[in-house]
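Structural overview for review
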2 protein chains.
Amino acid sequence: MALRRDAQRNRERILRAAHEVFAARGFAATLDDVAHHAGVGIGTVYRRFPTKEELIEAVFTDRLEDLVTLAEEALAAPSAWEGLTGFLRTSARWHAADRGLRDAALSMDEQHFKKAGEQIVPLLEQIMERAHAEGTLRADAGFQDFPIIMAMVTEMAQHSEGCRPGLYERYLELMIDGLRARPGNGSLGAAPTGTDIRAVMRECVPPIKPAPRS
Amino acid sequence: MALRRDAQRNRERILRAAHEVFAARGFAATLDDVAHHAGVGIGTVYRRFPTKEELIEAVFTDRLEDLVTLAEEALAAPSAWEGLTGFLRTSARWHAADRGLRDAALSMDEQHFKKAGEQIVPLLEQIMERAHAEGTLRADAGFQDFPIIMAMVTEMAQHSEGCRPGLYERYLELMIDGLRARPGNGSLGAAPTGTDIRAVMRECVPPIKPAPRS
DNA sequence: AAGTAAGTGGAGGTGATTCCTCAACTTACC
DNA sequence: GGTAAGTTGAGGAATCACCTCCACTTACTT
């Protein structure tokens, strides 16, 4: 049965508030926060979204789609290098402005969000492959490095946006210059595996449920 | 008056245990942890070190001296570039192996540890200046970038040492290649100021006292 | 206009986690 | 053997997050 009109309106309020609160504090934000921000009772939030996961999923599924679209556009850029770096710059900007989106993007291997994850991985592979073929990307960088670089840059962004917005861009540019194919580069050694990446990503996002055993 | 022999022995046990526990969990470790690890009662720890700060200071002051020595050696390296990158690599290795040392190093502007901070800043300036003069370090990188790079790399190290030890080195090498002076580098824009750095560093370390107001 | 199912609010239960104290007990040393 | 120094760990106090429950309010139906 359809929701009553007031319930529908509250649902939308909650989603909007959740977006703002998660943008500011990431997955670490509490549902109490969301409720107050939305101007509704805590119970109302729990009635509509029985678990934090469900709320997060409702808020960020669409935003992850945007990331997928961004990756598709990167693949269509005039040059592979432009596509690659443009994707890095734009997604870093998005993640810096929305901590919840960052946490969601780093959780793409998790149950929720798995769909977006499966869409974006092949795109990243292609973006990297294209840049390798073009000869602009150093040969020993792989698409596995993508999420790690993003995690590092956006983690710094979280720590610095409050006191010096945009600072993270400086370090992204540094890493981008490090990614250029060039004689005289050092050697990066063995690339991490998919399993490594998944484990590291999980470490980089605050647990949604109360912290596990120590 | 001197400590009784058993008290002296316990004090040493506590320091040793604190080192291990802080190495594993950083400043976020609890004094209860330290006590259990040392095999003494919690009260004993508090009798000897009335606050967490005092214990941290007792454990890490010497280790920070080691960092200062490392910087001095870097300045004496055959080439400026070797000195600079060697310092980055070695200190990153130390920080990856000892999370408490990392937290201490990133707190060098704080009350405790201020002494080491005042010693190391001019050394870092000289290391960078020497590499600029040598022409191997890109002109738009400054010594202010030092702590940020270290914070980024060692934060990744904290997240990855558990599942893939040494992974952080890959990204340090990437940043080092990004630091090389080269035609075709992008532009980094304005360097952060000392005030910026201090604010960001504070954000990167878990608060020693219970978290402040929200 | 009245009935009723749907929706609401938020105090408070539950369970973690941390910091730190204190009073009864033990030990080193003279 | 006396006593000051040292030890212990249960537990007080504070904080924090998740989530439940039920007395109350509201939208919609007839």
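Residues numbered from 1 in each chain as written. Chains lettered and ligands numbered in written order. Predicted model: local features only at pLDDT ≥ 70, side-chain atom pairs only at ≥ 80, totals over all residues. Heavy atoms only, no water.

Some details on the UniProt feature "DNA-binding region" (unreviewed entry) in chain A
Those residues carrying the UniProt feature "DNA-binding region" (unreviewed entry) are residues 30-49 of chain A in this numbering. Taken end to end, residues 30-49 of chain A has its terminal C-alpha atoms 13 Å apart, with 75% of it in helix and 0% in strand. (UniProt positions renumbered as here; feature names shortened; annotations may be inferred. Helix = DSSP H or I, 4+ residues; strand = E, 2+ residues; numbered from the N terminus.)

A short note on the domain arrangement of chain A
Residue and element names in this part refer to chain A. Considered domain by domain, chain A is made up of domain 1 (1-50) and domain 2 (60-204). With centres defined by C-alpha atoms, the gap from domain 1 to domain 2 works out at 30 Å. Taken together, the contact between domain 1 and domain 2 spans seven residues of the former and 10 residues of the latter. Taking both sides of the interface into account, the surface hidden between domain 1 and domain 2 amounts to around 580 Å²; carbon and sulfur atoms contribute 66%. (Domains from an automatic or database assignment. Contact = heavy atoms within 4.5 Å. Buried area = accessible area lost by both parts, 1.4 Å probe.)

What about the protein's contact with DNA strand C?
Around DNA strand C, 22 residues are found, and the nearest of them are R4, N10, G41, G43 and T44 of chain A. The sugar-phosphate portion of DNA strand C accounts for 68% of its atoms within 4 Å of the protein, the bases making up the rest. Note that a base oxygen of DNA strand C is positioned 3.1 Å from one of the side-chain N or O atoms of R4 of chain B. Looking at the surface near DNA strand C, the elements with two or more residues in it are α1 (5-25) and α3 (42-48) of chain A together with α1 (5-25), α2 (31-38) and α3 (42-48) of chain B. With five residues, the top contributor of residues to the surface near DNA strand C is α3 of chain A. (Near = heavy atom within 4 Å. Polar contact = N/O pair within 3.5 Å; in protein donor to acceptor, adjacent residues only side chain to side chain.)

Focus: the side chain of Q144 of chain B
Positionally, Q144 of chain B belongs in the loop between α7 (114-134) and α8 (145-160). With relative accessibility at 19%, the residue Q144 of chain B sits in the buried group. Excluding residues that lie within four positions of it along the chain, Q144 of chain B makes contacts with Y171 of chain A together with P192, T193, G194 and I197 of chain B. (Buried < 20%, exposed > 50% of the residue type's maximum accessible area, 1.4 Å probe, protein only.)

Remarks on the interface of chain A and chain B
Chain A puts 44 residues into the contact, and the matching count from chain B is 44 residues. For the pair chain A and chain B, the summed buried surface comes to about 3,600 Å²; carbon and sulfur atoms form 60% of the total. When residues of chain A are sorted by the area they lose upon contact with chain B, M152, R170 and L174 of chain A head the list and together hold 20% of the total. For the pair chain A and chain B, the number of links is six salt bridges. A salt bridge links D177 of chain B to R138 of chain A, with the shortest nitrogen-to-oxygen separation between them at 2.9 Å. Among the elements that make up the side of chain A that touches chain B, the one with the highest residue count is helix α8 (residues 145-160) of chain A (11 residues). By residue class, the composition of the side of chain A that touches chain B is 21 nonpolar, 11 polar and 12 charged. (Salt bridge = Lys/Arg side-chain N within 4 Å of Asp/Glu carboxyl O. Nonpolar A, V, L, I, M, F, W, Y, C, P; charged D, E, K, R; others polar.)

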